[in-house]
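# Fold and geometry: a report
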Amino acid sequence: HRDLHSFPTRRSSDLFNPTTQIEYSIPISNPVSIEVYNALGQKVKTLVNRIMSPGAYQAIWNGTDDSGNAVPSGVYYCRMASSHFNSVKKMLLLK
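Attention in this report is confined to the structure presented alongside it. Just so you know, these numbers come straight off a predicted model, no measurement behind them.

### Topic: the environment of R79
By the secondary structure assignment, R79 is in strand 7 (residues 74-82). Residues R79 and S33 lie 46 residues apart in sequence; the distance between their C-alpha atoms is 7.8 Å. Not counting chain neighbours up to four residues away, the residues in contact with R79 comprise S33, I34, E35, Y37, N86, S87 and V88. A distance of 3.4 Å separates polar atoms of two side chains, one belonging to R79 and the other to N86.

### What to know about the pattern of salt bridges
For the structure shown, the criterion picks out two salt bridges. E35 is the partner of K43 in a salt bridge, and the nearest nitrogen-oxygen pair spans 3.9 Å. Residue E35 is classed as buried on the basis of its relative accessible area, which comes to 12%. Linking R79 and E35 is a salt bridge whose minimum nitrogen-to-oxygen distance equals 3.8 Å. Of this pair, R79 sits in strand 7 while E35 is found in strand 4 (residues 30-38), placing the two residues 44 residues apart along the sequence. Residues participating in the shared-partner salt-bridge network are E35, K43 and R79.

Criteria and cut-off values
Residues numbered from 1 in each chain as written. Predicted model: local features only at pLDDT ≥ 70, side-chain atom pairs only at ≥ 80, totals over all residues. Heavy atoms only, no water. Helix = DSSP H or I, 4+ residues; strand = E, 2+ residues; numbered from the N terminus. Contact = heavy atoms within 4.5 Å. Polar contact = N/O pair within 3.5 Å; in protein donor to acceptor, adjacent residues only side chain to side chain. Salt bridge = Lys/Arg side-chain N within 4 Å of Asp/Glu carboxyl O. Buried < 20%, exposed > 50% of the residue type's maximum accessible area, 1.4 Å probe, protein only.

Listed below in structure tokens is the structure:
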């Protein structure tokens, strides 16, 4: 039984403002965190960190770090976690 389901990420078609949509659904209320890490394993951005009610959601990463600075092109990892689910997806940021 999984309490967090993730779906493929999608990049926007606007090449001047690249964003990635991370769609997910939650069947039961649960604490959820979604974080972006660089290839060195350093946390770049926290997208979600709260208790969420059941439903479908999306988190959007705009290619910036927690301070609002643009990050360089490269490989990044999106970690989605809750109390009973943990998943990591590879993402490629191209500018």
